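Here is how the chains run, residue by residue.
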Amino acid sequence: MIPQKTVNVASAEELICTNRFGTFFGVPQQVFDRVWQALSRPEDKSVAYVSMEIGADPDMFHPVQDFLRAQDGRKSDNPICSRLIDKYLRGPRKIPNYSGGLGVLAGDTLKSFADLHIPVFAVSLLYREGYFAQLVDSRVGQIDQAMQWSPESTPTLFQLQDPDHSGQPLELTVPFFNEYDHPTEAKAHVWMKLEIGEELDYFVPEFLLDYSIPSSPPWVREAGLRLYSAKSDIMKANQRRMLGSGILPLIERLGLHPHTIHLNEQHGVTVTLHLILRQIERMLGSGWREKMTDKDILAAAQESAKHIVYTIHTPVKAGHDRFARSLYTGISHATGCRILDLLANDPESPHEYNFTAFAMRVNRAVNSVSRLHRDVTRKQFQESADKIRAVTNGVHHLTWISAARARVFDSTDELIGWRDDPGLFGESQIDDDPVFLRGLNQAWEEDNRILVTYVNRMLAEHRNRMEETWIDPPNYLSHLKQGEESLLSPGVFTVGFARRFSTYKRADLIFDNLEALAEILVKSGWRVNFLFAGKAHPQDEPGKSVLKLILDNQEELYQRSKGLARLVFLPGYDMALARMMVAGVHTWLNSPKRPLEASGTSGMKAAMNGVPNLSVMDGWWVEGYHEGKTGWKFGYEGPIKADSLSEDPSTLLYEEDSRSFYELLPSVLELFYSRPDEYLQLAANNLRLNVPIFNTHRMAAEYVRKYEMQLDQETAARVLGFAKLYKSDSCDWTEPQV
């Protein structure tokens, strides 16, 4: 999306690189060797970044494809290179191994690690059915369909080869045990995605374990097919085990030596269990199972904790893995369960193992993802409260800033170098530059036209297909005859909302009183487009019900407002649609029940484009609001009480918070329609105040402090510069080691 900078690579042939695990493409051989060696040397203190999902579609950030396009279609005489060029220019551009915010955050983080030259590799699973494909029917609501994609044909993905058996894929053996301590061997192939820095001078490898292969047992193959498969508790537990238990076999087979394992959520925490088991064996020697005492377990856990950094991403109880002890007894050996008895016990639910509590107890550092989330987490996990710190999330600015906005930034003298250093926005006076403001406004108008054109084309396609399929179009406008009354218009105030549909996120909050909402518009004559997108987990029936309510409110809102309000649902939410929305709307809506949104990153993506947020004071917005200089707040913002963490419908504050929204909305619309210059100032304020803070370069720099890395002088200085942009937690500050 953003043009590639000049690099010291003359031809595509120079981007072919090899090692004993295969042939790859994207960086020069010397870069590949330098990175791989850093990951292999213990003294470099590299990091294994573990996440159940990674969202990094190649159609979002693609420095290699940009380089090849700049070559103007130049052919190669090397047949291997020629095939790779064709794959990168014409291959599929989706890797559907993410469901939402956690995965996209992981992808953004790894991109910034690559841009900053931080020795990190990632571990996740490869899901051959992805998450799921979403169809939406106006009568039925969300319909979940299996998704098929081909990693073999997807650029940036490479299957590792067995160096000892030419032409054969590398196959890991991952041991599992039952209650009788009988081992079952799961098998996994390994795919590597190269997350390449903007200048093609560094990369972060993402290793994806593919268990859906013939040599694995059927129950393993099934559990590995789809992200967050939850057909049963045992399948859910096995999928988590497949991630955590595969980490040590992977790094040993590849010869990697991470100093730190960074767990994002508790999904991969079984790696900690394996570390403890190995440490006990080292401590006690032969016969260790019989000799082991509780004191030994705790001592081994304390030693293993030195290698673990843990990030908790949600206060919502449904996001904290709990499994019945009886279930786990049947899928784990007795020694493992004895360790869990000590370290995963849950006083509130004695019959279950709490894996979030396990991760919280065994680590050298633990952090939340915003300041407010830190305070909430301390209340939830009081025994760990003293060590819980905040590292507020960010987004990868080069991925989420639109092409139109990027052209404006490129042409602004004060912002020269913004691609490398988003902190430059904070040092600028762009809010007082009429040329910049005029260019920003024109770019905003362009992005709004792109979004509106997409929506209108979608509505027309749904209308035309109405007679060809059993699917009833998910939008009331598609049922109207083609014409002005069934279309959106550029320049009309557009509200965007796109995220996972879950009850606490309250997607339907602002439609709680349609009569009041419509009256605001009819009274003023102002027009508003409401654009909504997102998926509910296939097993989340309450979340699906919220999505269905969005569909059910469309016609009534249209009629009550006399056509001034047009509510549209955009199915098939993914990263590309998200980028179009965050750049093309005029405000970004966030309406969770406070304080259940730990961070929220979609609003940050809007802010990267200067789009003001209209949000409950939750998650990151508490830090990004800046006393109203960057957007608006509504809803409850009082102290956190006993029922604040409840998702019970009676505690969700619909009436109170929707009323607050209706009281605020007229002033927002008046500013947009009557004082556009002042509205544009909000956009400039977002760029100046929020871009320097809520980017993953700054966030990655804060994590480097927790990683205890040894960095070269140049990298350490650059990381320190980003870390100084913002201190998420003022009591948690040390300079990176050189």
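Since the model is a prediction, treat every value here as computed from it, not as a measurement.

**Student:** Teacher, can you tell me more about the overall build of the chain here?
**Tutor:** Counting its regular elements, the chain contains 26 helices and 22 strands. For a compact globule of 738 residues, the expected C-alpha radius of gyration is about 27 Å, and the chain comes in at 26 Å, within 12% of that figure. Referenced to the eigenvectors of the C-alpha coordinate spread, the extents of the chain come out at roughly 80 × 65 × 55 Å. Expressed as a percentage of the 738 residues in the chain, the buried residues total 64%. Total accessible area computed for the chain in this model is approximately 27200 Å², and 50% of it derives from carbon and sulfur atoms. Taking the average location of the 80 positive side-chain charges in the chain and that of its 97 negative ones, the two points are 1 Å from each other.

**Student:** Please explain the layout of surface pockets as it appears in this structure.
**Tutor:** A water-sized probe rolled over the atoms picks out the places where empty space is left. For the second largest pocket, the calculated volume is near 490 Å³. What lines the second largest pocket is a set of 25 residues, among which Arg34, Leu116, His117, Asp712 and Thr715 lie closest to the centre. Looking at the lining of the second largest pocket, the elements with two or more residues in it are helix H1 (29-40), helix H4 (101-116) and helix H26 (713-723). Here the lining of the second largest pocket is composed, by residue class, of seven nonpolar, five polar and 13 charged.

**Student:** Please explain the sheet that holds strand E17 (residues 493-498) as it appears in this structure.
**Tutor:** The strands making up a sheet associate through hydrogen bonds between their backbones, and the pairing can be parallel or antiparallel. Sheet architecture is open: six strands sit in the order E19-E18-E17-E20-E21-E22, paired in parallel fashion. Of all the strands in the sheet, just strand E19 (565-570) and strand E22 (631-634) have a single pairing partner and so form its edges. This sheet shows a mean twist of 20° between the axes of neighbouring strands, independent of strand direction. Where strand E18 (residues 528-533) lies against E19, six bridges are found, and the strand directions are parallel. By the bridge assignment for E19, asparagine 529 is matched with arginine 566.

**Student:** Help me out: how do you make sense of the environment of arginine 20 in this one?
**Tutor:** Along the chain, arginine 20 turns up in the loop between strand E1 (16-19) and strand E2 (22-25). Along the backbone, arginine 20 and aspartate 162 are 142 residues apart, and their C-alpha atoms lie at a distance of 8.0 Å. Ignoring any residue separated from it by four or fewer positions in sequence, one finds arginine 20 in contact with Gln161, Pro163, Arg253 and Leu254.

**Student:** What's the story with the confidence of the model for the chain in this structure? I'm lost.
**Tutor:** Segments scoring low in pLDDT should not have their predicted coordinates read at a detailed level. With 97% of its residues at a pLDDT of at least 70, the chain reaches an overall mean of 94. Here residues 1-6 scores under 50 on pLDDT; set against residues more than four positions off or in separate chains, the count is 24 contacts.

**Student:** Help me out: how do you make sense of the nonpolar core in this one?
**Tutor:** What tends to happen in soluble globular proteins is that the nonpolar side chains get buried as a cluster. Counting residues in each nonpolar core, the largest one holds 105 residues, and the members touching the most others are Phe511, Phe530 and Phe532. Judged by nonpolar contacts, the second largest core, of 99 residues, contains Tyr127, Ala237, Ile312 and Tyr353.

**Student:** Just to check I follow, could you spell out the pattern of salt bridges for this structure?
**Tutor:** Think of it this way: side chains of opposite charge can pair up when their charged atoms draw near. Using the criterion set out here, one finds 44 salt bridges in the structure. Between arginine 253 and aspartate 164 there is a salt bridge; the shortest N-O distance is 3.7 Å. Note that arginine 253 is positioned in helix H6 (residues 233-254) and aspartate 164 in the loop between strand E7 (157-159) and strand E8 (171-177), a separation of 89 residues in sequence.

**Student:** What should I look at first to understand empty space enclosed by the protein in this one?
**Tutor:** Within this structure, the stated rule accounts for five cavities of 30 Å³ or more. Its boundaries defined by the atoms lining it, the largest cavity holds a volume of some 130 Å³. Taken together, 13 residues line the largest cavity, and the ones lying closest to its centre are Arg241, Ser245, Leu273, His274 and Ser332. Of all the elements in the fold, those that place two or more residues in the lining of the largest cavity are E8, H6, helix H7 (270-284) and helix H10 (325-331). The biggest single contributor to the lining of the largest cavity is H7, with four residues.

**Student:** Got a minute to help me understand the packing of helix H18 (residues 514-524) against helix H23 (residues 654-674) in this structure?
**Tutor:** Each pair of packed helices gets described by two things: the angle between the helix axes and the distance between those axes. Where H18 contacts H23, the two axes come as close as 10 Å, and the packing angle between them is 20°. Judged by the inter-axis angle, H18 sits roughly parallel to H23. Note on packing geometry: the crossing formed by H18 with H23 is right-handed. Where H18 abuts H23, its residues Ala516, Leu517, Ile520 and Leu521 lie against Phe661, Tyr662, Leu665, Pro666 and Leu669. Here the residues of the contact of H18 with H23 sort into nine nonpolar, no polar and no charged.

**Student:** Is there a simple way to think about helix H13 (residues 371-380) in this case?
**Tutor:** An α-helical turn contains 3.6 residues, so any two residues separated by three or four positions project in the same direction. Of the residues making up H13, those classed as buried are Leu372, His373, Arg374, Val376 and Thr377. Where H13 begins, one side-chain oxygen reaches toward the backbone nitrogen of histidine 373, 3.1 Å away; that side chain belongs to serine 370.

**Student:** Looking at this structure, how should I read helix H2 (residues 63-70)?
**Tutor:** Burial analysis of H2 places six of its eight residues in the buried class, the great majority of the element. Buried within H2 are the following residues: Pro63, Val64, Gln65, Asp66, Phe67 and Leu68. Next to the buried residues of H2 lie E2, helix H3 (79-90) and strand E9 (183-196). Positioned one or two residues after H2, aspartate 72 has a phi angle of 60°, which is positive.

**Student:** Would you mind showing me how to read the environment of arginine 659 here?
**Tutor:** Within the secondary structure, arginine 659 sits in helix H23. Judged by relative accessible area, arginine 659 falls into the partly exposed class, the value being 39%.

**Student:** I keep staring at the state of the cysteines and nothing clicks. Help me out?
**Tutor:** Note on terminology: disulfide describes a covalent bond linking the sulfur atoms of two cysteines. The final tally for this structure, using the stated rule, is zero disulfides. Cysteine 81 takes part in no disulfide bond, and the closest cysteine sulfur, belonging to cysteine 17, lies 11 Å away.

**Student:** Help me understand the side chain of aspartate 508 in this model?
**Tutor:** Inspection of the secondary structure puts aspartate 508 in the loop between E17 and H18. Buried aspartate 508, no salt bridge; nearest opposite-charge side chain is arginine 506, N-O distance 7.2 Å. Among residues more than four places away in sequence, those in contact with aspartate 508 are Val546, Leu549, Ile550 and Tyr654.

Calculation criteria
- Position numbers for residues start from 1 in each chain and track the written sequence from start to end.
- Whole-chain, interface and lining totals are the exception, using all residues; otherwise, since this is a predicted model, local features are given only for residues with pLDDT of at least 70 and side-chain atom pairs are given and counted only at 80 or more.
- Excluded from the side-chain calculations are hydrogens and water; all other atoms, namely the structure's heavy atoms, are used.
- The helix and strand labels rest on DSSP assignments: H or I over at least four residues marks a helix, E over at least two residues marks a strand, and numbering proceeds from the N terminus.
- Radius of gyration means the value over C-alpha atoms here, while the globule rule gives 2.2 Å times the residue count to the 0.38 power.
- Burial classification: accessible surface area is computed with a 1.4 Å probe over protein chains only, and a residue below 20% of its type maximum counts as buried, one above 50% as exposed, and the rest as partly exposed.
- Each accessible area is a Shrake-Rupley estimate made with a 1.4 Å probe; only the visible protein chains count as cover when residues are assessed.
- When charges are tallied, Lys and Arg are placed among the positive residues and Asp and Glu among the negative ones, while His and the ends of the chain are skipped.
- By convention, the charge on Lys lies at NZ, on Arg at CZ, on Asp at CG and on Glu at CD.
- Grid spacing is 1 Å over the protein atoms alone, the probe is 1.4 Å, and a cavity is where that probe fits but cannot get out, while a pocket is an open set with protein on both sides within 12 Å along at least five of seven lines and lining residues have an atom within 4 Å of a point.
- Grid points are joined across faces, edges and corners, and a volume is the space filled by probe spheres set on the points.
- Gly is placed with the polar residues, together with every amino acid not listed as nonpolar (Ala, Val, Leu, Ile, Met, Phe, Trp, Tyr, Cys and Pro) or charged (Asp, Glu, Lys and Arg).
- One requirement defines pairing of two strands: DSSP has to find at least two bridges between them.
- Angular values range over 0 to 180 degrees, each being the angle between N-to-C directions of two axes fitted as lines to C-alpha atoms, with helices fitted over their stretch in contact.
- Pairs of residues are marked as contacts when any of their non-hydrogen atoms sit within 4.5 Å.
- Each residue gets a pLDDT score, which is the predictor's confidence in that residue and runs from 0 to 100.
- The term nonpolar core refers to a set of buried residues drawn from Ala, Val, Leu, Ile, Met, Phe, Trp, Tyr and Cys, joined through side-chain atoms within 4.5 Å.
- Only one rule defines a salt bridge in this text: a Lys or Arg side-chain nitrogen within 4 Å of an Asp or Glu carboxyl oxygen.
- Working definition: roughly parallel below 35 degrees, roughly antiparallel above 145 degrees, roughly perpendicular at 65 to 115 degrees, and oblique for all remaining angles.
- Each crossing is labelled by how the near helix is turned from the far one, with a counterclockwise turn of less than a right angle marking it left-handed and a clockwise turn marking it right-handed.
- Here a polar contact means two N or O atoms within 3.5 Å. Within protein one must be a hydrogen donor candidate and the other an acceptor candidate, and residues neighboring in sequence count only if both atoms are side-chain atoms.
- Throughout, disulfides are identified as pairs of cysteine sulfur atoms within 2.5 Å of each other.

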